[in-house]
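# Results of the structural survey
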Amino acid sequence: MANVLETLRARGLFESATDEGLGHFLERPTAVYAGFDPTSDSLQVGNFVAIMGLAHFQRAGHRPVALVGGATGLIGDPSGKTAERVLLSPDQVEKNLAGIRENLSRFLDFEDRQAPARIVNNYDWIGRFTYLEFLREVGKHFRIGAMLGRESVRKRLESEAGLSYAEFSYQLIQAYDFLHLFDTEGVRVQIGGSDQWGNITAGIELIRRLRGGEAYGLTFPIVCDSSGQKFGKSEGNAIYLDARRTSYYDFYQFFIRTEDADVIRFLKIFTFLPLEEIAGLEQEMRRQPEARLPQRRLAEEVTRMVHGDRGLRIAEEASRVLFGGSIEGMSAEDLLAIFAHVPSAVICREEAIGSTVTELAVRAGLGRTKGEVRRLAQGGGLYWNGRRMTEPERHLGVGDFIEGRVAVLRAGKKQFHLIRLDG
RNA sequence: GGUGGGGUACCGAAGUGGUCAACCGGGGCAGACUGUAAAUCUGCUGGCUUUGCCUUCGAAGGUUCGAGUCCUUCCCCCACCA
């Protein structure tokens, strides 16, 4: 049986474990869980680390359980947050759960004969508690001193923002989750980001106290880029795993743009590529960094994993065209094909002809306001069909559209938007 | 419930009657340079029908020719006390 702990360590996915005996314990198949917060209707690349963690466990023969936090999502985890979170409505959580289920179902193998993955929702067991029952059955076993000692709590208490009772209670719920999965799924290990340490140990203690059982925790590092920024944002937007939120093209591009200083580490964390192969890429990078081979490989691997061969092909094709040469001289057909999965807007012909460049740019979603687009143009960062646009107030005619029906708007080097005329 | 401190743009933070759409820093976006990298330098970072107009400084009222700045009430946060 593959030693998953060694694998995680070697790939930079290991930060710490609650018990030195974990390695020994993992020599026999067990079940492991990680939780996912339904803060959005799609997981983000930031969640990818946890998914990879579960996947590595499954590959090593352990049964992965993905927990979506239908209950905890209603409260909000204070870990790693500097301010009290705005409460999500039950409707919103419900909607987000569906999306996250969708995401997860693509990374874990539910058909595996030895260790099929499971997805569970903690609302199913937390939701049936009354307040009094919960206090008696769970709250009774928690000591305030220990709760106050937790990093996430202490930090928030010291901060200006403080901490509400609801968020303070969060750790009880997550601890109970572990206990519940220990009982019903045979889960003995919880994995999570290092900010989850307190929540995880709370569960382990609860299990020991109520069941006299051994349970383990393992954390992986919170992935940051070399400038210390939390990984997973681009142009101010989170990178989602769902193509409806982040296009194949944008997803692929996000990884292509990885800095040299980060790319080798990211290859280990976000792909299953053998370490020898990654070492080879590192050599290659030293020899000719401008070729960006590791970046290409990273983008390729991750995009294929998340969006399949088809998504990867579309992203690569679009990238080749947009960064390879000029779009000048391309036919409307070609452009439509390339931009099929790039943000685009369909605008009615009568409206488009005669309106200004800025107006259309806002309609296409390139900027939020006309002022923003104007400033962009002023700084020289606005392009219309590949040429710098210096007169953002110009009224457009049919001739401004390729074959009278398509135009490509660009902000800077990286953000493309397609405008298609209707009718 | 009491006392004190505080709520300013994405974040931090200045501003205590007009010259304030609001110093500065971070973040973000863009330009130059480059390798779709990093570092560096530069510009921008309320809205608009843009030589001007409109909406912003927790909320609502009020004083004033004029309020982010003064007064009243309310809401929220923090600390200590009860």
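Cut-offs and rules
- All residue numbers here refer to positions counted from 1 along the written sequence of the relevant chain.
- As a convention, the first chain written is A and the first ligand written is 1, with the rest following in written order.
- In keeping with the model being predicted, local features are shown solely for residues with a pLDDT of at least 70 and side-chain atom pairs are shown and tallied solely at 80 or more, while totals for entire chains, interfaces and linings include all residues.
- Working from all heavy atoms in the structure, the side-chain values ignore hydrogens and water.
- Consider each residue's heavy atoms; a residue with any of them within 4 Å of a molecule or strand counts as near.
- Under this definition, polar contacts are N or O atom pairs within 3.5 Å; protein pairs additionally need one hydrogen-donor-capable and one acceptor-capable atom, and for neighbouring residues in sequence, both atoms have to be side-chain atoms.
- Under the scheme used here, helices are H or I runs from DSSP no shorter than 4 residues and strands are E runs no shorter than 2 residues, and both carry numbers assigned from the N terminus.
- Three classes are used, and their members are as follows: Ala, Val, Leu, Ile, Met, Phe, Trp, Tyr, Cys and Pro are nonpolar, Asp, Glu, Lys and Arg are charged, and the others, Gly among them, are polar.
- Note on definitions: angles span 0 to 180 degrees between N-to-C directions of axes, and those axes are lines fitted to C-alpha atoms, for helices only across the stretch in contact.
- Note on terminology: angles under 35 degrees are roughly parallel, angles over 145 are roughly antiparallel, angles of 65 to 115 are roughly perpendicular, and the others are oblique.
- Crossing chirality is assigned from the near helix's rotation relative to the far helix, an anticlockwise turn below a right angle marking it left-handed and a clockwise turn marking it right-handed.
- Contacts between residues were defined by any pair of non-hydrogen atoms, one from each residue, lying within 4.5 Å.

## Brief notes about the protein's contact with RNA strand B
As a matter of local geometry, RNA strand B sits amid 33 residues, with Gln-253, Asp-260, Lys-370, Arg-374 and Arg-375 nearest to it. The sugar-phosphate share of atoms of RNA strand B within 4 Å of the protein amounts to 72%. In the environment of RNA strand B, a sugar or linking oxygen lies 3.0 Å from a nitrogen or oxygen atom belonging to the side chain of Arg-292. Between RNA strand B and the protein, one listed contact pairs a phosphate oxygen with a side-chain N or O atom of Lys-370 at 2.8 Å. Elements with a minimum of two residues in the surface near RNA strand B: α12 (248-256), α15 (293-324) and α19 (370-378). For the surface near RNA strand B, the leading source of residues is α19, giving five residues. When the residues that make up the surface near RNA strand B are grouped by side-chain class, the tally is nine nonpolar, eleven polar and 13 charged.

## Things to note about the packing of helix α10 (residues 170-184) against helix α11 (residues 197-211)
A pair of packed helices is characterised by two quantities: the angle between their axes and the separation of those axes. Following both chains from N to C, one finds α10 and α11 inclined at 55°, their axes separated by 8 Å at the closest point. On the basis of their axis angle, the class for α10 and α11 is oblique. Judged by the twist between their axes, the crossing of α10 over α11 is right-handed. Contacts between α10 and α11 involve Tyr-170, Gln-171, Gln-174, Ala-175, Tyr-176, Phe-178, Leu-179, Phe-182 and Asp-183 from the first element and Asn-199, Ile-200, Ala-202, Gly-203, Ile-204, Leu-206, Ile-207, Leu-210 and Arg-211 from the second. When its residues are assigned to classes, the contact of α10 with α11 shows twelve nonpolar, four polar and two charged.

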